[in-house]
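Given next are the chains, with one letter for each unit.
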Amino acid sequence: MGPLSKALFRIGPHDLWEPHLATDTGAPQRLIARPSGALSGRVRAPGDKSISHRALIFAAMAEGESRIDGLLESDDVLATARAAGALGASVERLGPGAWKVVGRGELRQPEGVIDCGNSGTAVRLLMGAAAGYPIEVRFDGDASLRSRPMGRVGEPLARMGARLSGDRLPLTLGGGGHFGGRLSAIDWKSEAASAQVKSAILLAGLNAEGVTSVEEPTPSRDHTERMLPLFGAEVRRQGLKVSIEGGQRLRAADIQVPGDPSSAAFPLVAALLIPGSRVTVEGVMMNPARAGLFVTLKDMGADLSIENERAVCGESVADLTARVSRLRGVVVPADRSASMIDEYPILAVAAACAEGPSVMHGLGELRVKESDRLSGVARLLGACGVRVEETGDSLAVQGAGRPPAGGVFVETHGDHRLAMSALVLGMASGRFVGVDRPEMISTSFPGFADLMSELGAVMESA
């Protein structure tokens, strides 16, 4: 587990816990992927990041002892684990992916700043959770997170009675109870589909007077609605509207975290592009709100089979096998974007190797990710010799029916998904592709390089 093996594995309100985020002066400055032979093997998908964040936060809010198995031990999720401890829960790592959280039925006043690192999910969900308690919390993050907008969460929380010092980190949030009363329920209509915004409002609604509702224009990820009932809360869903009644208290629960489809995408797409490849990724979550990439790859002609489907903690899970395929360009409609928003960089890599043009619409949300991810994808492909056009919230990629030449180093602006997508392109290309700041990959996929090497990829540090 690298740095984790030396870490303090018990987190409480007074503990200092710094695995992963400590600076490693010996870390490689660049990572290179070279043209690889056939990839083969069976691997297990890392735990889903969205589920991992929620499991920790809900368990911290709940009364009693929760056990979490398969937790993604990435930098982003570890930031949430530290935050849960700082907010009053007892958080303990029992072994690889196995964690125990003992909640007190409420969040408590932290002694210092809640540092969410690079994680937008962590800060936005924690803002919603903290808003309902009589506490004041100072939130901060790294330079990338400080640049990301918090107003979409801050505005509805303020309408409910919380107070915020601004719409960018660092900011201070005063919970409704901090000012002598509970939050007020709202009926919120979101302008854009966002699971983070929806989840923050619903978590605040748990401690609000009345019934809080959120309505979206198109469906977003529904992990919060699926998981809260496991912790004893009643959530009502009607079409695109989700409602929760205030005054409900969460009870401890045991959670099995399914595999992350966003992470599984990288070895699966690599197998589709590299001749002779056959790769199986086990335990991948197949929630319809997260499966847009797999639908799109099938539309492109991918030989992608789904086997051993089963249910895990309210989520559909399956094993996916990808075999090298001759892909063709497609048009991806805007209404599919919410179900695959994190997968567009790796989809763009697949499109670059496909036969004919691919056009992807509805990508505006990529502008406010860890970087301007839409422009970053365009620059990545352009640097590798791919014809690409970025217009508004759309991206057009002219596939040549074969991988591009490669032979470049790419600046990723600290964006882990751009980095992994570039490296997959390097595995399939005629020459290498290298990325800067490879340590950022551990934000979502610790062990990425080792897993890809296990399958046969050629990667090296520089």
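Residues numbered from 1 in each chain as written. Predicted model: local features only at pLDDT ≥ 70, side-chain atom pairs only at ≥ 80, totals over all residues. Heavy atoms only, no water.

Looking at this structure, I do not really get the overall build of the protein chain. What am I missing?
Along its length, the protein chain carries 13 helices and 27 strands. When burial is assessed residue by residue, the protein chain has 60% of its 462 residues classed as buried. Here the contacts in the protein chain between residues at least 6 apart in sequence split such that 75% fall between residues at least 24 apart. The protein chain carries 49 positive and 54 negative side-chain charges, and their two centres are separated by 1 Å. (Helix = DSSP H or I, 4+ residues; strand = E, 2+ residues; numbered from the N terminus. Buried < 20%, exposed > 50% of the residue type's maximum accessible area, 1.4 Å probe, protein only. Contact = heavy atoms within 4.5 Å. Lys, Arg positive; Asp, Glu negative; His and termini not counted. Charge placed at Lys NZ, Arg CZ, Asp CG, Glu CD.)

Please clarify how the pattern of salt bridges should be interpreted in this entry.
Oppositely charged side chains may form a pair once their charged atoms are brought near each other. The final tally for this structure, using the stated rule, is 31 salt bridges. One salt bridge in this structure joins Arg336 and Asp299, with 3.2 Å as the shortest N-O distance. Taken together, the residues span a long stretch of sequence, with Arg336 in the loop between strand 21 (331-332) and helix 10 (344-353) and Asp299 in helix 9 (residues 292-299) at a distance of 37 residues. Of the residues examined, Arg336 reaches a relative accessible area of 18% and is grouped as buried. Judged by relative accessible area, Asp299 falls into the partly exposed class, the value being 36%. Here Arg373 makes a salt bridge to Asp342, at a shortest N to O gap of 3.4 Å. Taken as a pair, Arg373 in helix 11 (residues 373-383) and Asp342 in the loop between strand 21 and helix 10 lie far apart in primary sequence, 31 residues in all. Across this residue pair, the class does not change: Arg373 and Asp342 are buried. Among the charged side chains, a network of salt bridges with common partners joins Arg221, Asp342, Arg373, Asp415 and Arg417. (Salt bridge = Lys/Arg side-chain N within 4 Å of Asp/Glu carboxyl O.)

Before we go on, may I ask you to explain helix 12 (residues 416-428) in this structure?
The periodicity of an α-helix, 3.6 residues per turn, causes residues three or four positions apart to be oriented the same way. For helix 12, spanning 13 residues, the distance from its first C-alpha to its last is 19 Å, which sits close to the expected 18 Å at 1.5 Å a residue. Burial analysis of helix 12 places 13 of its 13 residues in the buried class, the great majority of the element. (Expected span 1.5 Å × (residues − 1).)

Please explain the packing of aromatic side chains as it appears in this structure.
How two aromatic rings sit relative to each other is given by the distance of their centres and the angle of their planes. Enumeration over the complete set of coordinates arrives at four aromatic pairs. Here the aromatic rings of Phe266 and Phe448 are separated by 6.1 Å at their centres, their planes lie at 80 degrees, and the arrangement is edge-to-face. Highlighted residues: Phe266 in helix 8 (residues 261-273) and Phe448 in helix 13 (residues 448-455), separated in sequence by 182 residues. Grouping residues by exposure puts Phe266 and Phe448 together as buried. Geometrically, the ring pair formed by Phe445 and Phe448 is edge-to-face, given 5.4 Å between the ring centres and 70 degrees between the ring planes. Judged by its relative accessible area of 2%, Phe448 is buried. Among the aromatic residues, those joined into a ring-pair cluster are Phe266, Phe445 and Phe448. In this arrangement the basic side chain of Arg30 is found over the ring face of Phe409, its NZ or CZ atom lying 3.7 Å from the centre. (Phe/Tyr/Trp six-rings, centres within 6.5 Å; stacked < 30°, edge-to-face > 60°. Lys NZ or Arg CZ within 6 Å of the ring centre and 35° of its normal.)

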